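Structure assessment
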Amino acid sequence: MTAPVPALRITVGDVTRELPTVRVGNVGRVPLVEFIGDSELTNAAAQAMLPLIPEETEVLLTVVTNALPLTHEISDRSGLPYVVARKKRRTYMQDPLIQDVPSMTLGVAETLWLDGPHAARLKGKQVAIVQDVVATGGTAQALARLVERAGGTVAGYLVAFKQGESPLPLRYLQELPRSL
Ligand SMILES: O=P(O)(O)OC[C@H]1O[C@H](OP(=O)(O)OP(=O)(O)O)[C@H](O)[C@@H]1O
């Protein structure tokens, strides 16, 4: 008989989900949070995250993929504009800022691309970084570096789920175990 795959129950507002867990290298089983394809959970998290936005924030910065619908909803509810870093170079990009991610949850090296005109929208602004999950913090650090390089200031780190310990001053909704 195969052992049952452990799941993790979370509740955000009035939305409850059983998160599946996926095996990641030697980390063990990691709970998988998916906002893409789940508008109920996305909307509930966005609503719950509104009070976490630093007061001085002028712009939100996120990165594709999973954090994008969440940031869209936070933007819609707060009235704050948002800027998105990509994980691939697109042919239409103009003088993009290119930033390597030092380490990732899934152990895959990644590079972030911020199109020049979007980087310009961060210049001189107080920028809140929005993420679905922070685990190693590598992505958050790369996004912070993009803010600095674009001439902005990091107002804070806004995260739905913090997975394990982080040296960054995260404003988060809930903490999840790093592995099960
Ligand atoms: O704190 P870290 O260790 O850097 O991990 C956090 C990042 O990992 C996940 O991205 P994923 O690689 O799953 O990409 P996706 O959002 O494009 O699916 C998540 O969306 C965060 O951006």
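Let me sum up the structure you'll find in this document. Values in this document were obtained by computation on a predicted structure and should not be read as measured data.

1. Describing the side chain of Ser75
- Tracing the backbone shows Ser75 in helix α2 (residues 67-78).
- Exposure remark for Ser75: the relative accessible area of 12% places this residue in the buried category.
- Discounting chain neighbours no more than four positions away, the residues touching Ser75 are Leu60, Leu80, Pro81 and Tyr82.

2. What to know about the environment of Ala160
- The residue Ala160 is located in strand β10 (residues 153-163) in this model.
- In this structure, the C-alpha to C-alpha distance between Ala160 and Ala45, residues 115 residues apart in sequence, is 6.7 Å.
- Excluding residues that lie within four positions of it along the chain, Ala160 makes contacts with Phe35, Met49, Leu70, Gln131, Asp132, Tyr172, Leu173 and Gln174.

3. Some remarks on the sheet that holds strand β5 (residues 59-63)
- Spatially, the five strands line up as an open sheet ordered β6-β5-β9-β10-β11, and their pairing is parallel. The open sheet is flanked by β6 (82-85) and β11 (170-176), the only strands paired with a single partner. With direction set aside, neighbouring strand axes in the sheet form an average angle of 20 degrees.
- Pairing analysis gives eight bridges linking strand β9 (residues 126-134) to β10, with the strands arranged parallel. Bridge pairing links Ile129 to Tyr157 in β10.
- Most of the contacts of helix α4 (residues 138-149) go to β9, to which it runs at about 165 degrees, and overall it touches β5, β6, β9 and β10.

4. A few points about the environment of Glu73
- Here Glu73 is to be found in helix α2.
- Once the C-alpha coordinates of Glu73 and Thr42 are considered, the two residues, 31 residues apart in sequence, prove to be 7.6 Å apart.
- Setting aside anything within four residues of it in sequence, one finds Glu73 in contact with Thr42, Asn43 and Ala46.

5. Section: the packing of aromatic side chains
- If you walk through the whole model with that rule in mind, you get one aromatic pair.
- Relative to Phe161, the ring of Phe35 lies with its centre 6.3 Å away and its plane at 20 degrees, an arrangement referred to as stacked. Here Phe35, found in the loop between β4 (28-31) and α1 (39-49), pairs with Phe161, found in strand β10; they are 126 residues apart in sequence, far enough to count as distant. Like Phe161, Phe35 is buried.

6. Some words on the environment of Thr57
- Among the secondary structure elements, Thr57 is positioned in the loop between α1 and β5.
- On the basis of relative accessibility, which here comes to 9%, the residue Thr57 falls in the buried class.
- In sequence terms Thr57 and Ser179 are 122 residues apart; their C-alpha atoms lie 32 Å from each other.
- From its side chain, Thr57 meets the backbone oxygen of Pro54 in a polar contact 2.7 Å long.

Reading the values: rules and limits
Residues numbered from 1 in each chain as written. Predicted model: local features only at pLDDT ≥ 70, side-chain atom pairs only at ≥ 80, totals over all residues. Heavy atoms only, no water. Helix = DSSP H or I, 4+ residues; strand = E, 2+ residues; numbered from the N terminus. Buried < 20%, exposed > 50% of the residue type's maximum accessible area, 1.4 Å probe, protein only. Contact = heavy atoms within 4.5 Å. Pairing = 2+ DSSP bridges. Axes fitted to C-alpha atoms, helices over the stretch in contact; angles between N-to-C directions. Phe/Tyr/Trp six-rings, centres within 6.5 Å; stacked < 30°, edge-to-face > 60°. Polar contact = N/O pair within 3.5 Å; in protein donor to acceptor, adjacent residues only side chain to side chain.

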